[in-house]
Amino acid sequence: MTQKGLLLVVSGPSGVGKGTICSKLMSERDNIKMSVSVTTRQPRPGETEGVSYFFRTEEEFMKMVDADAFLEYMCVFGKNHYGTPKSYVEEQRNAGYDVILEIDVKGALKVKEKCDDAVMIFIAPPDMDTLRNRLVGRGTETPESVARRFGEAIKEIGLAQQYDYIIVNDNLDKAVGQVQSVISAEHSRVMNNTELINQLKGEM
Ligand code: ADP
Ligand code: 5GP
């Protein structure tokens, strides 16, 4: 008996620690897969094709849009396209794996519109200074990119009320533990256990 996997949407402002939280979660939990997005941005040092992202040209990306290959896609920061491939998510969930989408807030809200069983988790910074320091400290952004991402962050935090859960990433272990608790609770939802109930009823 395989319970269908959860669709976990982990989002929040750039630099809040989504990637760090998801990596730790993946190392602690079996039965969970990260969805790999497609992007038109250039790879950062250390990023690997098919692991970090599928890196594609604008033209290749648009062909995928035309083929309806995305669960959602967005132009993030008015610059690069990012999209969640549909087929991978469904295949993994049907095989019983929980799937994490680590995506920006606008994309996350599009997923919520399409998938009413998506579990929406908003990662928040303990305060805005910490968020700015993390963005700068990561060392991957130009000053212009930091300013743009920080500006977006203020708008994104205003959308947190549309999520199911909000987790403050102050202490990493604590934040990961809270995501683990959400996953456990979601697996215990009655609506996610109809097969179990039917099986027990069948044994009466
Ligand atoms: P995002 O994926 O949300 O853009 P990252 O995971 O890349 O953010 O994290 C941004 C920076 O903040 C990284 O340098 C990361 O090491 C650091 N970071 C993440 N979580 C914490 C935390 N709880 N405490 C201190 N630094 C953190
Ligand atoms: P980065 O360029 O820092 O890797 O990502 C920029 C932003 O794009 C992050 O907020 C990240 O979560 C988001 N992102 C990554 N993949 C996707 C995706 O498939 N769809 C959407 N909408 N956003 C994504």
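Presented here is an overview of the structure given in this document. Counting from 1, residues in each chain are numbered in the order their sequence is written. Chains and ligands are labelled sequentially in the order written, the chains with letters from A and the ligands with numbers from 1. Note on the predicted model: pLDDT of at least 70 is required for a residue's local features to be given, and 80 or more for side-chain atom pairs to be given and counted; whole-chain, interface and lining totals, by contrast, use all residues. For the side-chain quantities, the full set of heavy atoms in the structure was used; hydrogens and water were omitted.

**A closer look at the packing of helix H1 (residues 18-28) against helix H7 (residues 172-187)**
A packed helix pair is summarised by two numbers, namely the angle formed by the two axes and the spacing between the axes. Axes, fitted as lines to C-alpha atoms, cover a helix only where it is in contact. Angles between the N-to-C directions of the axes lie from 0 to 180 degrees. Think of it this way: any DSSP run of H or I at least four residues long counts as a helix, any run of E at least two long counts as a strand, and we number them from the N terminus. In contact at an axis separation of 10 Å, H1 and H7 are set at 65° when each is read in the N-to-C sense. As H1 runs across H7, the sense of the crossing is right-handed. Contacts between H1 and H7 pair Thr20, Ile21, Lys24, Leu25 and Glu28 from the former with Leu172, Asp173, Ala175, Val176, Val179, Gln180 and Ile183 from the latter. Note on residue categories: nonpolar means Ala, Val, Leu, Ile, Met, Phe, Trp, Tyr, Cys or Pro, charged means Asp, Glu, Lys or Arg, and polar means any other residue, Gly included. Of the residues contributing to the contact of H1 with H7, the split by class is seven nonpolar, two polar and three charged. Each crossing gets its handedness from the near helix: less than a right angle anticlockwise from the far helix is left-handed, clockwise is right-handed. We call two residues in contact when some of their heavy atoms are within 4.5 Å.

**Topic: the packing of aromatic side chains**
When the centres of two rings from Phe, Tyr and Trp lie within 6.5 Å, Trp using its six-membered ring, the rings pair. Their planes under 30 degrees apart give stacked, over 60 give edge-to-face, and anything left gives tilted. Taken as a whole and judged by the stated rule, the model has six aromatic pairs. A centroid spacing of 4.7 Å and a plane angle of 25° characterise the contact between Phe61 and Phe70, whose relative ring orientation is stacked. No difference in accessibility class separates Phe61 from Phe70, as the two residues are buried. The interplanar angle of 65° and the centroid separation of 6.0 Å between the aromatic rings of Phe61 and Tyr73 together place this pair among those described as edge-to-face. With a gap of twelve residues between them, Phe61 in helix H2 (residues 58-66) and Tyr73 in strand E5 (residues 70-76) connect regions that are remote in the sequence. Only protein chains enter the accessibility calculation, which uses a 1.4 Å probe; a residue is then buried when its area is under 20% of its type maximum, exposed when over 50%, and partly exposed in between.

**Describing the site of ligand 2**
Residues are classed as near a molecule or strand on a simple rule: at least one heavy atom within 4 Å of it. Around ligand 2 sit 17 residues, and of these Ser37, Arg41, Tyr53, Glu72 and Tyr82 come closest. Between ligand 2 and the protein, one listed contact pairs an oxygen atom with a side-chain N or O atom of Arg41 at 2.7 Å. Nitrogen and oxygen atoms within 3.5 Å of one another constitute a polar contact, given that in protein one can donate a hydrogen and the other can accept it, and given that sequence-neighbouring residues count only through two side-chain atoms. Within the side chain of Tyr82, one N or O atom sits 2.4 Å away from an oxygen atom of ligand 2. Considering ligand 2 on its own, with 510 Å² of exposed area, one finds that the protein chains cover 95% of that surface. Among the cavities detected, the one that contains ligand 2 is the largest pocket. Of all elements in the fold, only E5 and strand E6 (80-85) reach the threshold of two or more residues within the shell around ligand 2. Tallied by class, residues from the shell around ligand 2 come to six nonpolar, four polar and seven charged. The method behind every accessible area is Shrake-Rupley, applied with a 1.4 Å probe, and residues are considered shielded solely by the protein chains displayed. The rule is simple: put a 1 Å grid over the protein atoms alone, call a set of points where a 1.4 Å probe fits but cannot get out a cavity, call an open set with protein on both sides within 12 Å along at least five of seven lines a pocket, and count a residue as lining if it has an atom within 4 Å of a point. Molecule-in-pocket calls rest on the fraction of atoms, with more than half required to lie within 2 Å of the cavity or pocket grid points.

**Comments concerning the sheet that holds E5**
A pair of strands is treated as paired once DSSP finds two or more bridges between them. If you trace the four strands from one edge of the open sheet to the other, you get E4-E3-E6-E5, paired in mixed fashion. In the strand order of this sheet, the two ends are held by strand E4 (54-55) and E5, each with one partner. Of the pairings in the sheet, the one linking E5 to E6 comprises six bridges and is antiparallel in character. Within E6, the position partnered with Cys75 by the bridge is His81. Across the sheet, helix H3 (residues 86-94) touches E5 and E6, and the angle it forms with E6 is around 30°.

**What about the side chain of Arg41?**
Here Arg41 shows up in the loop between strand E3 (38-39) and E4. Within the local environment of Arg41, its side chain forms a polar contact with the side chain of Glu47, the two groups lying 2.8 Å apart. Of note is the side chain of Arg41, whose polar atom sits 3.4 Å from the side chain of Tyr82. Excluding residues that lie within four positions of it along the chain, Arg41 makes contacts with Glu47, Tyr53, Phe55, Asn80 and Tyr82.

**Looking at the pattern of salt bridges**
The term salt bridge refers to a pairing of a side-chain nitrogen on Lys or Arg with a carboxyl oxygen on Asp or Glu at a separation within 4 Å. What the rule picks out here adds up to 14 salt bridges. Residues Asp173 and Lys24 are paired through a salt bridge, measuring 3.0 Å at the closest nitrogen-oxygen approach. Here Asp173 is found in helix H7, whereas its partner Lys24 is found in helix H1, with 149 residues between them in sequence. Judged by its relative accessible area of 24%, Lys24 falls in the partly exposed class. The salt bridge involving Arg44 is made with Glu141; its shortest N-O contact spans 3.2 Å. Of this pair, Arg44 sits in the loop between E3 and E4 while Glu141 is found in the loop between helix H5 (128-137) and helix H6 (143-157), placing the two residues 97 residues apart along the sequence. Salt bridges linked by common partners bring Arg41, Arg44, Glu47, Arg138, Glu141 and Arg149 together as one network.

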